[in-house]
Amino acid sequence: MKIAIVSPDKIRLAEIGQQLAAGTHLLLPSVGGAADLAPLAARAQPDLLLVDGCADAAGLAAIAAITSAHPHIAVVLLCAACSPEFLINAMRAGVREVLPAPPAPAELEAALARIGAKLRGAQAHSDGKLLAFISCKGGSGATFLATSLASQLAQTGSVLLVDLNLQFGDALAFVHDGHPASTLADVARAIGRLDASFLAASAVRVTSNFSILAAPDDHAQAVEISAAHVDAVLALAVRHYDYVVLDIGRPVTTLGIRALDRAYRIYPVLQAGLTSIRNAKKMLAIFKSLDYGPDKVELIVNRFERQGPIGVAEIGGALGKFAIHTVANSYRPVTQAIEHGEPLLAGGRANPVLHGVALLAESLVTGPQAAPGARLPAGLFARLFARLCGRHTGESHVLP
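Structure report, in brief. All residue numbers refer to position in the chain's written sequence, counted from 1. At least 70 in pLDDT is required for a residue's local features to be given in this predicted model, at least 80 for side-chain atom pairs to be given and counted, and no such filter applies to totals for whole chains, interfaces and linings, which use all residues. The side-chain values count all of the structure's non-hydrogen atoms but skip hydrogen atoms and water molecules.

### Examining the sheet that holds strand S1 (residues 2-7)
Hydrogen bonds between backbone groups are what pair the strands of a sheet, and the pairing can be parallel or antiparallel. The condition is simple: When DSSP finds at least two bridges between two strands, those strands are taken to pair. A run of H or I in DSSP becomes a helix once it reaches four residues, and a run of E becomes a strand once it reaches two; helices and strands are each numbered from the N terminus. For helices, the fitted line uses only the C-alpha atoms of the stretch in contact; every axis is such a line through C-alpha atoms, and the angle between N-to-C directions lies from 0 to 180 degrees.
Here we have five strands laid out as an open sheet, ordered S2-S1-S3-S4-S5, and parallel in their pairing. Edge strands, defined here as strands with exactly one partner in the open sheet, are strand S2 (26-31) and strand S5 (97-100). In this sheet, neighbouring strand axes are inclined to one another by 20° on average, regardless of whether the strands run parallel or antiparallel. Across four bridges, the pairing between S1 and strand S3 (residues 48-52) is parallel. Residue pairing for S3: valine 6 is matched across the bridge by valine 51.

Pasting the structure below:
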């Protein structure tokens, strides 16, 4: 679990952290009081908020505001002495459990186990969507689009990007300038420990709602990762994240196929050039042999020029009846964003590429695409980025 710990006492905060350090929880300790709870909950979005102190009316009011605004956050209150009336008021404020302060290790462990079981039960029925990006040709921009879509979807839900380009994966560098403390290879080596907390702790948090499980640093580590490892990671990830985005390297491998089998949607990324279209045709033939139909595969034409020699109709005629999304060409701003290691969402608000990514995100948030021949409605994302961009340059098409 992701556990945010709040206490006004630095020593007490350290003691609680030491009690929890033996587990695989992601700990977010913070010195503070009632006024700090709401900002912390909004920023960190923890599974559990462990509050030491705040055993007064102001503290319970702050907790009530959190449980109302973030019903998925469980709150456990540590209190040295509590009257029956206080316990009733704490329950009304949404506190899950009240433990003595300082808590006995066994009591705290048992409370975490109960809350963890409830969280797993609540999440088991609503698996997230698994979205796989794969490049039809080197340099098509699959990694850029995967990280951009993940950043966009994180505005509406929790997102984990898993970098499955095991040989040359660098998705993290597109949006973050840090070095991962652990990678997919580390998770594979400790697969027996795999649970939601371990997975979250192994990923790099880019924003409060967006994390990346990085590819291994070298080839020797990559060969240790098996299809079974990937299958276990993805099976767990879709139970705990709204969206799981995959950046899959080329070529199509046994390991990649295991991931693609699980995908809700596969996005082959190509450009409007003959070589890229030929490669896309070969890839689609592989997908056909794997029984991936048009309902599962949607094409993305990256760096698309409206006035270019090859249009959407020509691409559709060559590749068949697949939904085709287009993302505008904006080479310099995109390159600058990549070189700075930040999402285009943060670094280029007026960039037309965002409109195409926003339309793609909207199609996932609002449901299935429109009937053949219809365009997606200009909904929340489209309206927002149309205003930001001042023009419409990315489109989504479904060819007849």
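Still more ground to cover, so stick around.
### Topic: the packing of helix H11 (residues 227-240) against helix H12 (residues 254-262)
Formally: Angle categories are assigned with fixed cut-offs, so that under 35 degrees is roughly parallel, over 145 is roughly antiparallel, 65 to 115 is roughly perpendicular, and the rest are oblique. Here a crossing is called left-handed whenever its near helix is offset anticlockwise from the far helix by less than a right angle, and right-handed whenever the offset is clockwise. The criterion used for residue contact is that any of the two residues' heavy atoms lie within 4.5 Å. Asp, Glu, Lys and Arg are counted as charged, while Ala, Val, Leu, Ile, Met, Phe, Trp, Tyr, Cys and Pro are counted as nonpolar; the rest, among them Gly, fall into the polar class.
Direction vectors running N to C along H11 and H12 enclose 25°, while the axes themselves pass 8 Å from each other. Considering the angle they form, H11 stands roughly parallel to H12. Read as a crossing pair, H11 and H12 show a hand that is right-handed. Residues Ala227, Ala228, Val230, Asp231, Leu234 and Ala235 of H11 form the contact with H12, whose own contacting residues are Leu255, Arg258, Ala259 and Arg262. Tallied by class, the residues present in the contact of H11 with H12 amount to seven nonpolar, no polar and three charged.

### Let's talk about the pattern of salt bridges
Applied cut-off: What makes a salt bridge here is a side-chain nitrogen of Lys or Arg within 4 Å of a carboxyl oxygen of Asp or Glu, nothing more. Categorising residues by exposure relies on relative accessible area from a 1.4 Å probe, with only protein chains included: less than 20% of the type maximum marks a residue as buried, more than 50% marks it as exposed, and the intermediate range marks it as partly exposed.
Here the structure, examined in full by the defined rule, presents seven salt bridges. Here aspartate 231 and arginine 262 are joined by a salt bridge, their closest N and O atoms 2.7 Å apart. Here arginine 262 lies in helix H12 and aspartate 231 lies in helix H11, a separation of 31 residues in the sequence. We classify arginine 262 as partly exposed; its relative accessible area is 37%. Connected via shared salt-bridge partners are Asp186, Arg189 and Glu224.

### Quick look at the nonpolar core
The test is simple: To qualify as a nonpolar core, a set must consist of buried Ala, Val, Leu, Ile, Met, Phe, Trp, Tyr and Cys residues joined through side-chain atoms within 4.5 Å.
If you look at the biggest cluster of nonpolar residues, it comprises 53 residues, and the most contacted ones within it are Leu164, Leu199, Val244, Leu246, Ile266, Leu270 and Phe287. With six residues, H11 is the single largest residue contributor to this core. One finds Leu161, Val206, Tyr243 and Leu364 within the second-largest nonpolar core, a separate group that totals 31 residues.

### Brief notes about H11
How we decide: Multiplying 1.5 Å by the residue count of a helix minus one yields the expected span of that helix.
Counted at 1.5 Å a residue, the expected span for H11 with its 14 residues is 20 Å, and the 20 Å between its end C-alpha atoms agrees. The complete set of buried residues in H11 reads Ala227, His229, Val230, Val233, Leu234, Ala235, Leu236, Ala237 and Val238.

### Topic: the packing of helix H2 (residues 34-44) against helix H3 (residues 57-69)
Packed helices, taken two at a time, are described by their axes: the angle between them and the distance between them. Here H2 crosses H3 at 10°, and the two axes come no closer than 8 Å. The orientation of H2 relative to H3 falls into the category roughly parallel. On H3, the residues touching Ala34, Leu37, Ala38 and Ala41 of H2 are Ala58, Gly59, Ala62, Ile63 and Ile66. Within the contact of H2 with H3, the residues separate by chemical class into eight nonpolar, one polar and no charged.

### What to know about the packing of aromatic side chains
How two aromatic rings sit relative to each other is given by the distance of their centres and the angle of their planes. Put simply, the rule reads: Under the pairing criterion, centres of Phe, Tyr and Trp rings, with the six-membered ring standing for Trp, must be within 6.5 Å; the plane angle then separates stacked pairs below 30 degrees from edge-to-face pairs above 60, leaving the rest tilted.
Using the criterion set out here, one finds two aromatic pairs in the structure. Ring geometry for phenylalanine 133 against tyrosine 267: centres 5.1 Å apart, planes inclined by 35°, an arrangement best described as tilted. Note that phenylalanine 133 is positioned in strand S6 (residues 129-135) and tyrosine 267 in strand S11 (residues 265-270), a separation of 134 residues in sequence. Under the relative-accessibility criterion, phenylalanine 133 is labelled buried at 0%. Residues phenylalanine 287 and tyrosine 292 carry aromatic rings whose centres are separated by 5.6 Å and whose planes lie at 50° to one another, so their mutual orientation is tilted. You'll find phenylalanine 287 and tyrosine 292 in the same group, each marked buried.

### Regarding unusual backbone geometry
A cis amide bond, omega -5°, links alanine 101 with the succeeding residue proline 102. Along the chain, proline 102 falls in the loop between S5 and helix H5 (105-123). Of note in this structure, aspartate 291 is not a glycine but carries a positive phi near 65°. Within the secondary structure layout, aspartate 291 lies in the loop between helix H13 (274-289) and strand S12 (298-304). A relative accessible area of 70% means that aspartate 291 is categorised as exposed. Phi at arginine 303 takes a positive value of approximately 55°, unusual for a residue other than glycine. Relative to the helices and strands, arginine 303 is located in strand S12.

### A word on the environment of aspartate 56
Which entries qualify depends on this criterion: Pairing of N or O atoms within 3.5 Å defines a polar contact, subject to two protein rules: one partner must be a possible hydrogen donor and the other a possible acceptor, and residues neighboring in sequence count only if both atoms are side-chain atoms.
Counting through the fold element by element, aspartate 56 comes out in the loop between S3 and H3. The spacing of aspartate 56 and phenylalanine 86 is 30 residues in sequence and 8.4 Å in space, taken between C-alpha atoms. Within the structure, the side chain of aspartate 56 is placed 2.7 Å from the backbone nitrogen of glycine 59, a separation counted as a polar contact.

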